[in-house]
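Per-entry structural report
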Amino acid sequence: MSKPATYTPLCPIDAIAPGQSKQFSMNGIALFVIRQGDTFYAYENHCPHLGIELQWQPDRFLDADGEFIQCSTHGALFLIEDGECVSGPCRGQALRSLPTRVRDGQLLAQLPSPKTLA
Ligand code: FES
């Protein structure tokens, strides 16, 4: 029988406004969260092109229109909903998605175990 998934608390859900993003470092893992309405999308902060972090500035991951996640280094564009790269040098690859849930007003994410990190 597999172990139940463990979710790690990140922050109160109100710490991320709709249409905004926020970065975290938890247990040595860099990740970020995008909020759209009441839906949260979490990804490892690791561009599939060169394996570096994506943000433009602290907590800034979206393009100017807030339509895509955009890597600040070479401008790759990723779908907010599933992390697929749709433009740029890593087109066809994807960000690694992390499951999220909300409990008692807190946002939680399921972090990868260190041995499964890219
Ligand atoms: S490092 Fe992200 S697009 Fe090149």
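Residues numbered from 1 in each chain as written. Predicted model: local features only at pLDDT ≥ 70, side-chain atom pairs only at ≥ 80, totals over all residues. Heavy atoms only, no water.

Under an unreviewed UniProt entry, the protein has the name Nitrite reductase/ring-hydroxylating ferredoxin subunit and belongs to Simiduia aestuariiviva.

With that out of the way, let us pick up the sheet that holds strand E9 (residues 100-103). Reading across from one edge, E1-E10-E9 is the order of the three strands in this open sheet, with antiparallel pairing throughout. Edge positions in the open sheet fall to strand E1 (8-12) and E9, since each of these has one partner strand only. Averaged over neighbouring strand pairs, the angle between their axes works out to 30° when direction is ignored. Pairing of E9 with strand E10 (residues 106-109), which is carried by four bridges, proceeds in the antiparallel orientation. (Pairing = 2+ DSSP bridges. Helix = DSSP H or I, 4+ residues; strand = E, 2+ residues; numbered from the N terminus. Axes fitted to C-alpha atoms, helices over the stretch in contact; angles between N-to-C directions.)

Next up on the list: the sheet that holds strand E2 (residues 21-26). Strand order across the open sheet formed by four strands is E2-E3-E4-E8, with antiparallel pairing between neighbours. Looking at which strands have only one partner, the edges of the open sheet turn out to be E2 and strand E8 (97-98).

Taken together, the four bridges between E1 and E10 define a ladder with antiparallel strand orientation. Among the inter-strand pairings, Pro 12 is bridged to a residue of E10, identified as Gln 106. Counting the residues in the hairpin turn of E9 and E10 gives two residues, including Asp 104, whose phi is positive at 50°.

Right, let's talk about the state of the cysteines for a bit. This structure, assessed with the given rule, holds zero disulfides. With no disulfide partner, Cys 85 has as its closest neighbouring cysteine sulfur the one in Cys 90, 3.7 Å distant. What makes Cys 85 buried here is its relative accessible area of 1%. (Disulfide = S-S within 2.5 Å. Buried < 20%, exposed > 50% of the residue type's maximum accessible area, 1.4 Å probe, protein only.)

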